[in-house]
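# Report on the structure
The lines below spell out each chain.
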Amino acid sequence: MGGVADGHAEMGDVSDYELSHHVREALKSVLLGDTDEYDQIIGNMHHNVHLVPDEVAMLVTILRALSGAVSYIDVVHHRSLLSSICGMSLWNYGPDVMDALVELVVALASSSGKYVDLCLDMLVSNFIPPYNFLEILKQPRGLAKKDQVLTRVHSALKGIADLVPLAPSRLEQIVRERVPNVFSKEAQMVVYVENMLMLESGDMGELVGNAMLFELVNRLIDLDVEIGWDEILLDDPSKGIFEMELEDMARPVDETEIEMDEPQREYSGRKVLWGNVVAQKLDTLMVLTFDHLQSCFKNGRLVQVFEVLLQSFQSTVLNAYKSKFAQFVMFYACSLDPEDCGTLFVSRLVEIFKSTIYPQDWRMSAVAYLASYLSRAKFLSASYVTIILESLVDWCSKYCENLSSGEINPKVHRVFYAGCQAIMYVLCFRMRSILAFPRLKSQLCNMPLETILKHALNPLEVCLPSIVEEFLSRAKAAGLFHVEGIFVFHDLLESELSRAFGGFERLDLFFPFDPYLLKKSDSFIRPNFIYWSMVRTTYDDEEEDDDEEGISDEDEATDGVSNGREPMSYEDDDDDDFDMNLSKMSITPRNNTFMFGNQEDNQRMRMPSRIRPSTSPESL
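Residues numbered from 1 in each chain as written. Predicted model: local features only at pLDDT ≥ 70, side-chain atom pairs only at ≥ 80, totals over all residues. Heavy atoms only, no water.

Where we set the bar: UniProt positions are given in the numbering used here, feature names are shortened, and annotations may be inferred rather than shown by experiment.
An unreviewed UniProt entry annotates the chain as RNA polymerase I-specific transcription initiation factor RRN3 of Lactuca virosa. The Sequence similarities (unreviewed entry) field of the UniProt record for the chain holds the comment "Belongs to the RRN3 family."

Below, the structure is given as structure tokens:
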């Protein structure tokens, strides 16, 4: 054996069988205290730079000899050998060595349960290339190398799973433990997530796919909440939520905000968040996730994947009040399949909101998600939105009926106020499209909105002033609802009463599907999203042609979720470039007051296209 190790010229004189015999003898000699030949084996395994053909042949032969001698490897006496095997990176070798190394790892894992975790960890460590490979991953040679390595890694994982029944559960744990943290380089995070998605959609999908989806959502949330609220500032915190977005869209771009290495483009009045590295990482991972969902849709497995995402959403995202973007995974999946995925999503949200088995915060968050989804999803029909609205109104009506007496109490009745605010919020966006259909208009007019909103609980005084004001203005113009007296809001975003029912997490300000602010992945969301600037106000109806006033029931009957479009009162957004401004996202303003009284010159607020994302306690 020593001669073989010392002189490659002699290798041709030694058969594979003889070398395998020498390897077995070397392994057994360690138990007797003789480590010379054993050390020579390990020395050959450490060669990984600029290997000449003879060295490659020697390494391949040794690895294959070890594969045939795995039963002689002892976890105590051969620790240095095991460490050497686990320390070998497939990225450093050519196809022949990679194949031999993978063969050895699979053989070792299947030989004893003691080595399963060791071998799985070694393969998962190869998800990410050595540091010096990161820069070439996007180049043709880098892509070719990545394909060579990852194909073998996933083949080996499947081989081990086939031979060791417990391997998939151990693999799930190891993948979770090795996920790069938020401070890792973007390239490392990207290639690791690519591997997670390969596991989800590959041969092992039935075994570990659900765990990969759960972990992916967790990583997106981790990045999301790292985008600090100290960067999200308002120029004027006294403005209502509907006014801020329109003003932001009209705001000129500060040239100092544009980095010199970015290509010059035409901007629509919004600046792009270039400086936030965490946001850029999240943006890239969102693109990967959206691409994966699109692939699942094309392969007919989106509903299966969405059911897992829905479980993950309920256990993780629903109560991540600092999440600003990760929830759009649900939005995009629903946009791909409104009939199945969208219906599942809405049904779950309605169920959580109405059920007393869930904590109040869960129920309030669910109805906030529901309202935001119904308002922003361009692919939902007016008839479908009306059906869900009727369900919410029915719940609020029964809540009022079940109270023998009532008075304003934001903390005790906070779920009720959340439901009322959700109804008004949706109608701010959808009232005109609903009223365009005679049948839906009749359905809306027959809802007991007036009974609810004029109840002694007085939701009009408790809910966000900006939403109440916009709703009342629209309802009055449409002849739907009228309140004696005038609310004087002084263009306020919120009130002390809304703060009280919103609680510590400020769920009164929680509109999770606010306009999407990530640059690259925005192209997936924008075509399916309703911005407030696209909504025509009911105040302008008298200026429109009479032929726009009504749509026949026959036309409405063809307007279902299945075709994904309604005759909307939205104007197409011509702005193809994504230029949203994260630093304009609203946070809780200070020094707020609320008044109810008479004032003839009360100014009607406009509604901005961006409502605030979830608000963290730090922003209070």
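### A short note on the pattern of salt bridges
The condition is simple: Here, a salt bridge means any side-chain nitrogen of Lys or Arg that lies within 4 Å of a carboxyl oxygen of Asp or Glu. Comment: elements are numbered from the N terminus, with helices defined as DSSP H or I runs of at least four residues and strands as E runs of at least two. Each residue's exposure class comes from its accessible area (1.4 Å probe, protein chains only) as a fraction of the maximum for that residue type: buried when under 20%, exposed when over 50%, partly exposed otherwise.
Tallied over the entire structure, the rule returns 15 salt bridges. In this structure, Arg170 and Asp117 form a salt bridge, with 2.7 Å as the shortest nitrogen-oxygen distance. With Arg170 in helix H9 (residues 167-178) and Asp117 in helix H7 (residues 116-125), this pair connects stretches of sequence that are 53 residues apart. Residue Arg170 is classed as partly exposed on the basis of its relative accessible area, which comes to 32%. One salt bridge connects Arg301 with Glu200, and the closest N-O pair in it is separated by 2.6 Å. In this pair, Arg301 is assigned in the loop between helix H13 (277-298) and helix H14 (302-317) and Glu200 in helix H10 (residues 186-201), connecting sequence segments 101 residues apart. If you follow the salt bridges from partner to partner, you end up with Glu215, Arg219 and Asp222 in one network.

### Some words on unusual backbone geometry
Backbone geometry at Asn458 places phi at a positive 50°, although glycine is not the residue there. Mapped onto the fold, Asn458 is located in the loop between helix H21 (449-453) and helix H22 (459-462).

### So, the packing of aromatic side chains
How two aromatic rings sit relative to each other is given by the distance of their centres and the angle of their planes. The line we're drawing: What counts as a ring pair is set by centres within 6.5 Å for rings of Phe, Tyr and Trp (its six-membered ring), and what kind of pair is set by the plane angle: stacked under 30 degrees, edge-to-face over 60, tilted for all other angles.
As enumerated under the stated definition, the model contains 31 aromatic pairs in all. With a centroid separation of 4.7 Å and an interplanar angle of 55°, the aromatic rings of Phe353 and Trp395 are classed as tilted. Linking Phe353 in helix H16 (residues 338-354) with Trp395 in helix H18 (residues 382-401), this pair joins segments that are 42 residues apart in sequence. Judged by its relative accessible area of 0%, Phe353 is buried. Pairing Tyr358 with Trp362 gives two aromatic rings, centres 5.8 Å apart and planes at 20°, and the pair type is stacked. Residue class for Tyr358 comes out buried when judged on its relative accessible area of 16%. Relative accessible area serves as the criterion here: at 25%, Trp362 is assigned to the partly exposed category.

### Here we look at the nonpolar core
Inclusion rule: The set of buried Ala, Val, Leu, Ile, Met, Phe, Trp, Tyr and Cys residues whose side-chain atoms join them within 4.5 Å is what this entry labels a nonpolar core.
Counting residues in each nonpolar core, the largest one holds 192 residues, and the members touching the most others are Met45, Ile160, Phe345, Tyr373 and Phe471. A per-element tally of this core places helix H19 (residues 414-435) first, with 16 residues.

### Points about the packing of helix H8 (residues 140-163) against H10
For clarity, the threshold we go by: Axes, fitted as lines to C-alpha atoms, cover a helix only where it is in contact. Angles between the N-to-C directions of the axes lie from 0 to 180 degrees. Angular relationships are summarised with four words: roughly parallel below 35 degrees, roughly antiparallel beyond 145, roughly perpendicular across 65 to 115, and oblique for the angles in between. Throughout, a crossing is termed right-handed when the near helix is turned clockwise from the far one, and left-handed when it is turned anticlockwise from it by less than a right angle. Residue contacts follow a heavy-atom distance rule, with two residues in contact if any of their heavy atoms lie within 4.5 Å. Amino acids outside the nonpolar list (Ala, Val, Leu, Ile, Met, Phe, Trp, Tyr, Cys, Pro) and the charged list (Asp, Glu, Lys, Arg) are all regarded as polar, and Gly is one of them.
With their axes 11 Å apart at the nearest point, H8 and H10 run at an angle of 45° to one another. Between H8 and H10, the angle is such that the two are oblique. Handedness of the H8/H10 crossing: right-handed. Across the interface between the two elements, Lys146, Leu150, His154 and Leu157 from H8 touch Val191, Glu194, Asn195, Met198 and Leu199 from H10. Residues that form the contact of H8 with H10 fall into these classes: 5 nonpolar, 2 polar and 2 charged.

### Brief notes about the environment of Ala107
Position of Ala107 relative to the elements: it lies in helix H6 (residues 95-111). For Ala107, a relative accessible area of 17% corresponds to the buried category. Beyond its immediate chain neighbours, meaning those up to four positions away, Ala107 contacts Ser67 and Val70.

### Thoughts on the packing of H10 against H13
The geometry of H10 relative to H13 is characterised by a closest axis approach of 10 Å and an angle of 20° between their N-to-C directions. Relative to H13, the element H10 is oriented roughly parallel. Two packed elements cross with a definite hand, and for H10 against H13 that hand is right-handed. Contact with H10, carried on its side by Glu186, Met189, Val190, Val193, Glu194, Leu197, Glu200 and Ser201, involves Gln280, Lys281, Thr284, Leu285, Leu288, His292 and Cys296 of H13 and no other residues of that element. Split by residue class, the contact of H10 with H13 holds 7 nonpolar, 4 polar and 4 charged.

### Points about the state of the cysteines
Heads up, the condition is: When two cysteine sulfur atoms lie within 2.5 Å, the pair is treated as a disulfide.
Evaluated as defined, the whole model comprises 0 disulfides. Lacking any disulfide linkage, Cys463 is separated from the closest cysteine sulfur, that of Cys420, by 5.7 Å.

### Some points on the side chain of Ser521
Our working definition: Pairs of N or O atoms within 3.5 Å make up the polar contacts considered here, provided that, within protein, one atom can donate a hydrogen while the other can accept it, and that residues adjacent in sequence are counted only when both atoms are side-chain atoms.
Mapped onto the elements of the fold, Ser521 is located in the loop between helix H24 (496-502) and helix H25 (522-525). By relative accessible area, which is 0% here, Ser521 ends up buried. In terms of polar contacts, Ser521 uses its side chain to reach the side chain of Tyr516, at 2.8 Å. In this view, Ser521 contacts Asp283, Met286, Val287, Phe290 and Tyr516; residues no more than four positions away in its chain are not counted.

### Concerning the environment of Ala69
For Ala69, the position within the fold is in the loop between helix H4 (53-67) and helix H5 (79-87). By relative accessible area, which is 0% here, Ala69 ends up buried. Between the C-alpha atoms of Ala69 and Glu25, which are 44 residues apart in sequence, the distance is 9.6 Å. In this view, Ala69 contacts Val23, Arg24 and Leu27; residues no more than four positions away in its chain are not counted.

### A look at the confidence of the model for the chain
Put simply, the rule is: The predictor attaches a confidence to each residue, called pLDDT, with possible values from 0 through 100.
Taken over all residues, the pLDDT of the chain has a mean of 78, while the share at 70 or more is 71%. Considering each helix and strand of the chain separately, the mean pLDDT is smallest for strand E2 (residues 595-597), with a value of 30, and largest for helix H15 (residues 328-336), with 98. Within the model, the stretch residues 545-549 combines pLDDT values under 50 with 5 contacts to residues more than four positions away or in other chains.

### What about H14?
We count it as follows: An expected span of 1.5 Å times one less than the residue number is assigned to each helix.
Look at H14: only 19 Å from first C-alpha to last across 16 residues, short of the 22 Å you get at 1.5 Å a residue. The set of residues buried in H14 consists of Leu302, Val305, Phe306, Val308, Leu309, Leu310, Ser312, Phe313, Gln314 and Val317. If you follow the buried residues of H14, they end up packed against H10, helix H11 (205-226), H13, H15, H16 and helix H17 (360-376).

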